[in-house]
Amino acid sequence: FEVNVPLQIEKGDYRFQLVANGNGDASSTLPILVTVSEQGTFRTELTSEQPNMEGHADANFTYSANLKNHTAETQRYALQAQAPEGWSVQFKSEGNSITSIEIEPNESKDIQIEVTPAENVVADTYKIPVIAASGSTTSEHELEAVITGKYGIELSTPDGKVSTDVTAGRNRVIELVVKNT
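Residues numbered from 1 in each chain as written. Predicted model: local features only at pLDDT ≥ 70, side-chain atom pairs only at ≥ 80, totals over all residues. Heavy atoms only, no water.

J.: How do you make sense of the nonpolar core when you look at a structure like this?
T.: Across soluble globular proteins, nonpolar side chains show a tendency to be buried alongside one another. In terms of nonpolar packing, the biggest core is built from 27 residues, with Phe61, Tyr63, Leu67, Leu79, Trp87, Ile101 and Ile113 touching the most fellow members. Listing elements by their share of this core, those giving two or more residues are β5 (61-70), β6 (75-81), β9 (100-103), β10 (108-116), β11 (124-133) and β12 (138-147). Each residue touching Phe61, except ones within four places of it in the same chain, is listed here: Met53, Glu54, Gly55, His56, Ile113, Glu114, Val115, Pro117, Ala145, Val146 and Ile147. (Core = buried A, V, L, I, M, F, W, Y, C linked by side-chain atoms within 4.5 Å. Buried < 20%, exposed > 50% of the residue type's maximum accessible area, 1.4 Å probe, protein only. Helix = DSSP H or I, 4+ residues; strand = E, 2+ residues; numbered from the N terminus. Contact = heavy atoms within 4.5 Å.)

J.: I'm lost on the environment of Pro84 in this one. Help?
T.: The residue Pro84 is located in the loop between β6 and β7 (88-93) in this model. Linking Pro84 and Pro129, residues 45 residues apart in sequence, is a C-alpha distance of 9.8 Å. Residues in contact with Pro84, not counting those within four places in the same chain, are Tyr126, Lys127 and Ile128.

J.: Before we go on, may I ask you to explain the pairing of strand β1 (residues 12-21) in this structure?
T.: A regular strand carries its side chains on alternate faces of the sheet. Pairing of β1 with strand β2 (residues 27-36), which is carried by 10 bridges, proceeds in the antiparallel orientation. Each bridged residue has a counterpart across the sheet, and for Asp13 the counterpart in β2 is Thr35. The antiparallel hairpin formed by β1 and β2 contains five residues in its connecting segment, where Gly24 sits at a positive phi of about 65°. (Pairing = 2+ DSSP bridges.)

J.: Just to check I follow, could you spell out a nonpolar patch on the surface for this structure?
T.: Residues Phe1, Val3, Val5, Leu18 and Leu30 make up a contiguous nonpolar surface patch of roughly 460 Å² in combined accessible area. When you line up the elements, Leu30 lands in strand β2. (Patch = residues over 30% accessible without salt bridge, like charges linked within 9 Å, V, L, I, M, F, W, Y side chains within 5 Å. Areas by Shrake-Rupley, 256 points an atom, 1.4 Å probe, with all protein chains shown as cover. Salt bridge = Lys/Arg side-chain N within 4 Å of Asp/Glu carboxyl O.)

J.: Sorry, what's going on with unusual backbone geometry here?
T.: A negative phi angle is the norm for most residues apart from glycine, just as the trans form is the norm for most peptide bonds. Located in the positive-phi region is Glu94, a residue other than glycine, with phi close to 55°. Note that Glu94 resides in the loop between β7 and β8 (96-98). Glu94 sits in the exposed class, given a relative accessible area of 70%.

J.: What exactly am I supposed to notice about the layout of surface pockets here?
T.: Empty space among the atoms becomes visible once a probe the size of a water molecule is rolled across them. In this structure, the largest pocket occupies an estimated 290 Å³ of space. Among the residues making up the lining of the largest pocket, the classes are represented as six nonpolar, four polar and five charged. (1 Å grid on protein atoms, 1.4 Å probe; cavity = no way out; pocket = protein on both sides within 12 Å on 5 of 7 lines; lining within 4 Å. Points joined across faces, edges and corners; volume = space filled by probe spheres on them. Nonpolar A, V, L, I, M, F, W, Y, C, P; charged D, E, K, R; others polar.)

Structure, rendered in structure tokens:
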């Protein structure tokens, strides 16, 4: 005898009668009381262990997320992100790029979320809401990318000329300007 409690259920006591029929008119009844101590759930849960990362403007950020289907039905979730303008976000599962994912009841799947900052990004903290939505349930999780700055150098000459004349066998001093950008 096994009782499966549905995911969407109210907290409370539930009474059943277990009936066993024997040969002829013989039967036996056993009253059963099931107490549900917590209200059931019918929701989706999108989480990540490390929702914030830090890096320079040229860095790519890869977040590991877990999407759990706390419903009694198979769900197909559309995945989307609301990244700042110019940023790109790509979802991956089992090494493949995806835009949606199907998850069986009470199961979960790991998803990698790859975030690439815009080319002209400045040092700041950026919020990236990520949404997993099916026809009946939705979950939102906020990721954070901290851009520490842009690293680079420029090499030029004081007057901007990048060419000069040099006679074979002679020395020529060329002044260079190195600029930390």
